[in-house]
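Fold and contact review
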Amino acid sequence: DAKTTQPNSMESNEEEPVHLPCNHSTISGTDYIHWYRQLPSQGPEYVIHGLTSNVNNRMASLAIAEDRKSSTLILHRATLRDAAVYYCILEGNNNDMRFGAGTRLTVKP
Amino acid sequence: NAGVTQTPKFQVLKTGQSMTLQCAQDMNHEYMSWYRQDPGMGLRLIHYSVGAGITDQGEVPNGYNVSRSTTEDFPLRLLSAAPSQTSVYFCASSYSRLGNEQFFGPGTRLTVL
């Protein structure tokens, strides 16, 4: 199964941009790259997903490397409510969505 | 829309007891799945369904059964509860299996004594 690697934790200051990296060197050509986040005591919440091209939505941007072996979730202006665990997940025909340990984002006021 | 609902919110069982965790969605989604999350860890897929009458195993299916008789409901049955099944269980649904946003329920916190 394709696997992702993320830093265990990251810190950011409020109102500054945050770049959350994810490595997925064994990604296959048909795997989607998903990002979810989980606030304390809640279920995961969808953030964004993409296949090959960069994606933007109201929550974040997803930048996908040209070789697709890495991606970066960009929060343009972090708020205290963005403090959560962020999961980078691959999903494809041969692998179901598997959540790793994720990156715990701390946002400092 | 209520989205994805799960009942109960909390449950305590004794070893060997059986129970069913309920999950329902009102978005007419074809794909539904069950995950468990142990403390400090990510979610692990238990079972999933790509439509009514179709179910399949995920990463950690042992000790659990599922069925999908309707599009809306996807119950998870614990056959004989064990302390190792103490966890938080999340149900999720999406329009289809690949490349879609999954909507998660609020979770059921299960303790097996």
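The rules we used
- Residues numbered from 1 in each chain as written.
- Chains lettered and ligands numbered in written order.
- Predicted model: local features only at pLDDT ≥ 70, side-chain atom pairs only at ≥ 80, totals over all residues.
- Heavy atoms only, no water.
- Helix = DSSP H or I, 4+ residues; strand = E, 2+ residues; numbered from the N terminus.
- Rg over C-alpha atoms; globule rule 2.2 N^0.38 Å.
- Buried < 20%, exposed > 50% of the residue type's maximum accessible area, 1.4 Å probe, protein only.
- Contact = heavy atoms within 4.5 Å.
- Areas by Shrake-Rupley, 256 points an atom, 1.4 Å probe, with all protein chains shown as cover.
- Lys, Arg positive; Asp, Glu negative; His and termini not counted.
- Charge placed at Lys NZ, Arg CZ, Asp CG, Glu CD.
- 1 Å grid on protein atoms, 1.4 Å probe; cavity = no way out; pocket = protein on both sides within 12 Å on 5 of 7 lines; lining within 4 Å.
- Points joined across faces, edges and corners; volume = space filled by probe spheres on them.
- Nonpolar A, V, L, I, M, F, W, Y, C, P; charged D, E, K, R; others polar.
- Disulfide = S-S within 2.5 Å.
- Salt bridge = Lys/Arg side-chain N within 4 Å of Asp/Glu carboxyl O.
- Phe/Tyr/Trp six-rings, centres within 6.5 Å; stacked < 30°, edge-to-face > 60°.
- Lys NZ or Arg CZ within 6 Å of the ring centre and 35° of its normal.

Let's shift gears to the overall build of chain B. Assigned secondary structure in chain B consists of 0 helices and 11 strands. Listing every helix and strand of chain B by position from the N terminus yields β-β-β-β-β-β-β-β-β-β-β. For 113 residues, the compact-globule estimate of 2.2 N^0.38 gives 13 Å, and chain B sits close to it at 13 Å. Along the first, second and third principal axes, the C-alpha atoms of chain B reach 35 × 25 × 25 Å. Considering chain B as a whole, with its 113 residues, one finds that 49% of them fall into the buried category. Long-range pairs, those at least 24 residues apart, make up 53% of the contacts in chain B with a sequence separation of at least 6. When the accessible surface of chain B is totalled, it reaches about 5200 Å², and 51% of it is carbon and sulfur. Positive and negative charge centroids in chain B, built from 8 and 8 side chains respectively, lie 11 Å apart.

Turning our attention to the environment of Phe99(A). Assignment of secondary structure puts Phe99(A) in the loop between strand S8 (84-91) and strand S9 (103-108). Separated by 12 residues in sequence, Phe99(A) and Tyr87(A) have C-alpha atoms that sit 6.4 Å apart. Beyond its immediate chain neighbours, meaning those up to four positions away, Phe99(A) contacts Tyr36(A), Pro44(A), Tyr87(A), Ile89(A), Tyr35(B), Gly42(B), Leu43(B) and Phe104(B).

Our focus in this paragraph is the layout of surface pockets. The space that makes up the largest pocket amounts to roughly 680 Å³. Taken together, the elements giving at least two residues each to the lining of the largest pocket come down to S8 and S9 of chain A together with strand S9 (87-94) and strand S11 (108-112) of chain B. Considering only residue class, the lining of the largest pocket consists of 15 nonpolar, 12 polar and 4 charged.

A few words on the state of the cysteines. By the definition in use, this model includes 2 disulfides over all chains. For Cys22(A), the disulfide goes to Cys88(A), at an S-S distance of 2.1 Å. For the disulfide bridge between Cys22(A) and Cys88(A), the dihedral angle about the S-S bond is near -80°, and by the sign convention the bridge is left-handed. With Cys22(A) in strand S2 (residues 18-23) and Cys88(A) in strand S8, the pair connects residues that are 66 residues apart, well separated along the chain. On the accessibility criterion, Cys22(A) (1% relative accessible area) is buried. The side chain of Cys23(B) participates in a disulfide bridge whose partner is Cys91(B); the two sulfur atoms lie 1.8 Å from each other. Looking along the S-S bond of the Cys23(B)-Cys91(B) disulfide, the torsion reads about -70°, which is the left-handed sense. A residue pair is termed long-range when its members are at least 10 positions apart, and Cys23(B) in strand S3 (residues 19-25) and Cys91(B) in strand S9 qualify at 68 residues. By relative accessible area, which is 2% here, Cys23(B) ends up buried. Accessibility expressed as a relative area gives 0% for Cys91(B), which makes it buried.

Note on pairing: side chains with opposite charge can pair once their charged atoms come close. All names here are of chain A. For the structure on display, the rule yields 7 salt bridges over all chains. A salt bridge links Glu15 to Arg77, with the shortest nitrogen-to-oxygen separation between them at 3.7 Å. With a gap of 62 residues between them, Glu15 in the loop between strand S1 (9-13) and S2 and Arg77 in the loop between strand S7 (70-75) and S8 connect regions that are remote in the sequence. Residue Glu45 pairs with Arg37 through a salt bridge whose shortest N-O separation is 2.9 Å. Residue class for Glu45 comes out partly exposed when judged on its relative accessible area of 34%. Each of Arg37, Glu45 and Asp82 takes part in one network of salt bridges that share partners.

A separate point is the packing of aromatic side chains. Given two aromatic rings, one states the distance between the centres and the angle between the planes to describe the pair. Per the stated rule, a full pass over the model turns up 9 aromatic pairs over all chains. Ring centres of Phe99(A) and Phe104(B) lie 6.1 Å apart, and the angle between their planes is 90°; on these two criteria the pair is classed as edge-to-face. Residue Phe99(A) is found in the loop between S8 and S9, and its partner Phe104(B) is found in strand S10 (residues 103-104); the two belong to separate chains. Overall, the relative accessible area of 8% leaves Phe99(A) in the buried class. Look at Phe104(B) and you get buried, because its relative accessible area is 13%. An aromatic cluster is present here, built from Tyr36(A), Tyr46(A), Tyr87(A), Phe99(A), Tyr35(B) and Phe104(B) joined pairwise through their rings. The ring of Phe74(B) carries Arg68(B) above its face, with NZ or CZ at 6.0 Å from the centroid.

That's the geometry; what it means functionally is another story.
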